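# Breakdown of the fold
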Amino acid sequence: MSASGGTRAIVAALGANLAIAVSKFVAFLFSGSSSMLAEAVHSLADSGNQFLLLVGGKKAQREATPQHPFGYGRERYIYAFLVSIVLFSVGGMFAVYEGYEKIRHPHELEHWYWPVGVLVFAIIAEGFSFRTAIRESNELRGKLSWTQFIRRAKAPELPVVLLEDFGALIGLVLALGGVGLALITGDGIWDGIGTLCIGILLILIALVLAAETKSLLLGEAAGVDDVKKIEAAVVDGNTVTGIIHMRTLHLGPEELLIAAKIAVQHDDTAAEVAHAINAAEARIREAVPIARVIYLEPDIYSEAEAAKGPDREATPGGPAPTQPTGH
């Protein structure tokens, strides 16, 4: 996923949310609408979230150090996870609390034209931001559905902005509905119900974001297409005859680690094997440019060993060997 595409979507969302947050706070001061206050805090939280994504993208560009030899690519995942926490706590929980209080103590809206006008403006501005995120995402998602794109994307920025903007648009519609029903019925409880619905929506979106970014933080393998390209690039049919096993891991959205045990001929010389490994690494980097760290271990393929299946005890995260107990 292109970092530049994500940055354009973030900047568009940041500009829209800052303008919307100011207008919503003004509308709340004039009307006393709890929906407007919840939406204003939501837009302010979204602005902070986009700032976090920009900071994470900047920090991820730092050079590798002896203490962090694989670089800082995962900083983008950490800051995306922070976004889900902010959205849950500042946006969702505040709106739920504000909605509950307004339902308990409803009051009639004042200067109704302020919240209605601001909500219409906010829907237009959020629509612009959402359109930008969709356009940038369409360049990358290919034939994937939107659900598949959000679940499989290795760069967190565009899925985060997409979900935030989508949630913001639905939240604005809920706020407009709550304000409208409060005006029609003269009962401010509808404003509180709209605020409560906004809070529940934000909490659900925050939980989805947390689940997806947690998976990225734990470490995800390369996509299916990239794995196929790597497998095809490794084997040359001459010295390298096959792949015994392989592991891939995203060190960041645009950095991939590849570790594989490859099968070579039993009578190949060390020089021939070394040359084959160097050639295989070059082919991998040409096929999958984000392959930054590659470790290839030569071995002699054995059908008997292969028939035993993978050794879970030798796999990171597998079960620990059983220790003998004393008597």
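Cut-offs and rules
- Residues numbered from 1 in each chain as written.
- Predicted model: local features only at pLDDT ≥ 70, side-chain atom pairs only at ≥ 80, totals over all residues.
- Heavy atoms only, no water.
- Helix = DSSP H or I, 4+ residues; strand = E, 2+ residues; numbered from the N terminus.
- Contact = heavy atoms within 4.5 Å.
- Areas by Shrake-Rupley, 256 points an atom, 1.4 Å probe, with all protein chains shown as cover.
- Lys, Arg positive; Asp, Glu negative; His and termini not counted.
- Charge placed at Lys NZ, Arg CZ, Asp CG, Glu CD.
- pLDDT = per-residue confidence, 0-100.
- Salt bridge = Lys/Arg side-chain N within 4 Å of Asp/Glu carboxyl O.
- Buried < 20%, exposed > 50% of the residue type's maximum accessible area, 1.4 Å probe, protein only.
- Patch = residues over 30% accessible without salt bridge, like charges linked within 9 Å, V, L, I, M, F, W, Y side chains within 5 Å.
- Phe/Tyr/Trp six-rings, centres within 6.5 Å; stacked < 30°, edge-to-face > 60°.
- Expected span 1.5 Å × (residues − 1).
- Pairing = 2+ DSSP bridges.
- Axes fitted to C-alpha atoms, helices over the stretch in contact; angles between N-to-C directions.
- Parallel < 35°, antiparallel > 145°, perpendicular 65-115°, else oblique.
- Left-handed = near helix turned anticlockwise from the far one by under 90°.
- Nonpolar A, V, L, I, M, F, W, Y, C, P; charged D, E, K, R; others polar.
- Arc of directions from axis to C-beta.
- Core = buried A, V, L, I, M, F, W, Y, C linked by side-chain atoms within 4.5 Å.

## Regarding the overall build of the protein
Secondary structure assignment for the protein yields 10 helices and three strands. Ordered by position from N to C terminus, the α and β elements of the protein give α-α-α-α-α-α-α-α-β-β-α-β-α. Structurally, the protein occupies a C-alpha span of about 90 × 55 × 35 Å along its principal axes. A separation threshold of at least 6 residues defines the contact pool for the protein, and within that pool the share at least 24 residues apart is 75%. Per element, the accessible surface of the protein, about 16,800 Å² overall, is 63% carbon and sulfur. Charged side chains in the protein number 26 positive and 35 negative. The centres of these two groups are separated by 1 Å.

## Focus: the confidence of the model for the protein
Averaged over all residues, the pLDDT of the protein is 83; the fraction at 70 or higher stands at 90%. Taken element by element, the predicted model of the protein shows its lowest mean pLDDT in helix α10 (residues 303-307) (63) and its highest in helix α9 (residues 270-287) (93). Here residues 1-5 scores under 50 on pLDDT; set against residues more than four positions off or in separate chains, the count is 13 contacts.

## Focus on the pattern of salt bridges
Counted according to the given criterion, the structure contains nine salt bridges. The salt bridge partner of Lys154 is Glu220, with a shortest N-O separation of 2.6 Å. Note that Lys154 is positioned in the loop between α5 (146-152) and α6 (157-185) and Glu220 in the loop between α7 (189-218) and α8 (224-234), a separation of 66 residues in sequence. Here the two residues Lys154 and Glu220 agree in accessibility, since each one is buried. When the shortest N-O distance is used, the salt bridge between Asp299 and Lys261 registers 3.5 Å. Highlighted residues: Asp299 in strand β3 (residues 291-299) and Lys261 in strand β2 (residues 255-264), separated in sequence by 38 residues.

## As for a nonpolar patch on the surface
On the surface, a cluster of nonpolar side chains totalling about 640 Å² of accessible area is made up of Leu29, Phe30, Trp112, Tyr113, Trp114 and Leu183. By secondary structure assignment, the location of Trp112 is in the loop between α3 (75-104) and α4 (113-141).

## Remarks on the packing of aromatic side chains
In the structure shown here, the tally under the stated rule is three aromatic pairs. Pairing Phe30 with Trp114 gives two aromatic rings, centres 4.4 Å apart and planes at 5°, and the pair type is stacked. With Phe30 in helix α1 (residues 3-31) and Trp114 in helix α4, this residue pair connects regions lying 84 residues apart in the sequence. Consider the rings of Phe130 and Phe166, whose centres lie 6.3 Å apart with planes at 40°: the pair is tilted.

## Observations concerning α7
Along its 30 residues, α7 runs 44 Å from first to last C-alpha, staying within 8% of the 44 Å computed at 1.5 Å per residue. A positive backbone phi angle near 110° is found at Gly219, which sits one or two residues after α7.

## Observations concerning the sheet that holds strand β1 (residues 240-252)
Taking strand neighbours across the sheet as the criterion, the three strands line up as β1-β2-β3 in an open arrangement whose pairing is mixed. Taken across any chain shown, the strands that pair with only one partner, and hence form the sheet edges, are β1 and β3. Neighbour-to-neighbour, the strand axes of the sheet open up by a mean angle of 15°, direction not taken into account. Note: β2 against β3, eight bridges, orientation parallel.

## Points about the packing of α3 against α7
Two elements in contact, α3 and α7, have axes separated by 7 Å at closest approach and are oriented at 160°. Between α3 and α7, the crossing angle belongs to the class labelled roughly antiparallel. Both α3 and α7 take part in a crossing whose hand is left-handed. Classifying every residue of the contact of α3 with α7 gives 24 nonpolar, eight polar and four charged.

## Section: α8
Within the span of α8, buried status applies to Ile230, Ala233 and Val234. For α8, the arc enclosing every buried residue in end-on projection is 95°, short of the 170-degree limit, so these residues lie on one face. Exposed positions of α8 whose direction lies more than 90 degrees from the buried face are Val224, Asp225, Lys228 and Ala232.

## Thoughts on the packing of helix α2 (residues 34-59) against α6
Each pair of packed helices can be described by the angle between their axes along with the distance between the axes. Across the interface, α2 lies against α6 with an axial gap of 10 Å and an inter-helix angle of 170°. Here α2 lies roughly antiparallel to α6, going by the angle between them. Residues Ser35, Glu39, His42, Asp46, Asn49, Gln50 and Leu53 of α2 form the contact with α6, whose own contacting residues are Glu157, Val160, Val161, Glu164, Gly167, Ala168, Gly171, Leu172, Ala175 and Val179. Taken together, the residues of the contact of α2 with α6 sort by class into seven nonpolar, six polar and four charged.

## Notes on the side chain of Asn17
Structurally, Asn17 is set in helix α1. Discounting chain neighbours no more than four positions away, the residues touching Asn17 are Ser43, Asp46, Ser47, Gln50 and Glu126.

## Let's talk about the nonpolar core
Counting 41 residues, the largest nonpolar core has Leu53, Val161 and Leu209 as the members making the most contacts within it. Those elements that provide at least two residues to this core are α1, α2, α3, α4, α5, α6 and α7. At 10 residues, the largest contribution of residues to this core is made by α6. In contact with Val161, other than residues within four places in its own chain, are Ala9, Ile10, Ala13, Leu53 and Ala133.

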